[in-house]
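Results of the structural survey
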Amino acid sequence: MAITKVWLDESNDECVSCGACEAICPEVFTVPDKMVVNEDADFSAFEAEIQESVDSCPSGVIKFS
Ligand code: SF4
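I will try to describe carefully the structure that is included in this document. In every chain, residue numbers begin from 1 and rise along the written sequence. Where local features are concerned, this predicted model is filtered to residues with pLDDT of at least 70; where side-chain atom pairs are given and counted, the filter is 80 or more; whole-chain, interface and lining totals use all residues.

1. Here we look at the overall build of the protein chain
Let me state the cut-off plainly: A helix here means a DSSP run of H or I that spans at least four residues, while a strand means a run of E at least two residues long, and both kinds are numbered starting from the N terminus. Only the C-alpha atoms count toward the radius of gyration. The rule for a globule is 2.2 Å times the residue count to the power 0.38. Exposed residues have 12 or fewer other C-beta atoms within 10 Å of their own C-beta, buried residues have 20 or more, and residues in between are partly exposed; the C-beta atoms are placed from the backbone. Working definition of a contact: two residues with C-beta atoms, positioned from the backbone, lying within 7 Å.
Scanning the protein chain from terminus to terminus reveals 2 helices and 4 strands. Relative to the compact-globule value of 11 Å for 65 residues, the protein chain shows a C-alpha radius of gyration of 10 Å, a close match. Its C-alpha atoms put the protein chain at 25 × 20 × 20 Å along the principal axes. Burial statistics for the protein chain: of 65 residues in total, 23% are counted as buried. Of the contacts formed within the protein chain by residues at least 6 apart in sequence, a portion of 58% connects residues at least 24 apart.

2. Details of the environment of Ile62
Of note, Ile62 is situated in strand E4 (residues 62-64). For Ile62 and Val6, which are 56 residues apart along the polypeptide, the C-alpha to C-alpha distance reads 7.3 Å. If sequence neighbours within four positions are ignored, Ile62 has contacts with Leu8, Cys21, Ser53, Val54 and Cys57.

3. Observations regarding the site of the ligand
To be explicit about the condition: Using a C-beta atom placed from the backbone, a residue is described as near a molecule or strand when that atom lies within 6 Å of it. For this classification, Asp, Glu, Lys and Arg are treated as charged, while Ala, Val, Leu, Ile, Met, Phe, Trp, Tyr, Cys and Pro are nonpolar and the rest, including Gly, are polar.
Looking at the ligand, there are 14 residues lining it, with Cys15, Cys18, Cys21, Met35 and Cys57 nearest. Taken together, the residues of the shell around the ligand sort by class into 11 nonpolar, 3 polar and no charged.

4. Comments concerning unusual backbone geometry
Glycine aside, negative phi is the norm for most residues, and most peptide bonds take the trans geometry. Positioned with a positive phi, Ser17 is a non-glycine residue whose angle comes to about 55°. Structurally, Ser17 can be placed in the loop between strand E1 (6-8) and helix H1 (20-24). Unusually for a residue other than glycine, Asp40 sits at a positive phi of about 70°. Relative to the assigned elements, Asp40 resides in the loop between strand E3 (36-37) and helix H2 (47-56). Here Asp40 falls in the exposed class, since 4 other C-beta atoms lie within 10 Å of it.

5. Considerations on the nonpolar core
Keep this limit in mind: When buried Ala, Val, Leu, Ile, Met, Phe, Trp, Tyr and Cys residues are joined through C-beta atoms within 7 Å, the set is termed a nonpolar core.
Within the largest apolar cluster, 14 residues are counted, with the highest numbers of intra-cluster contacts made by Cys21, Cys25, Val28 and Ile50. With residues up to four places along the chain from it excluded, the contact list for Ile50 reads Ile3, Val6, Cys25, Val28, Phe43 and Phe64.

6. A word on the environment of Met35
As for its position among the elements, Met35 is in the loop between strand E2 (29-30) and E3. Residue classification places Met35 among the buried positions, given that 26 C-beta atoms sit within 10 Å. Met35 sits 27 residues away from Ile62 along the chain, and the two C-alpha atoms are 8.9 Å apart. Leave out the neighbours within four places in its chain, and Met35 touches Leu8, Cys15, Cys21 and Phe29.

This is the structure:
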């Protein structure tokens with residue numbers, strides 16, 4: 001399944017601005033304050049890194065589909 005959408009979901013918890021996602025995959029994530037998904041990021045080229053970011057996020061707020 002190709003990743004076509006990545007987003008911040010704070011419905012259960014909040015991004016704590018730790019920067020882990022950006023450290024793992026700056027091509028997709030930027031953390032100026034809270035995480036933002038880079039516009040025009042090529043998600044399909046970084047699927048492993050996106051999954052690693054999800055697994056590494058202490059708040060569990062990174063979602064993708
Ligand atoms: S890893 Fe999670 S908590 Fe940390 S900056 Fe990224 S989205 Fe926020």
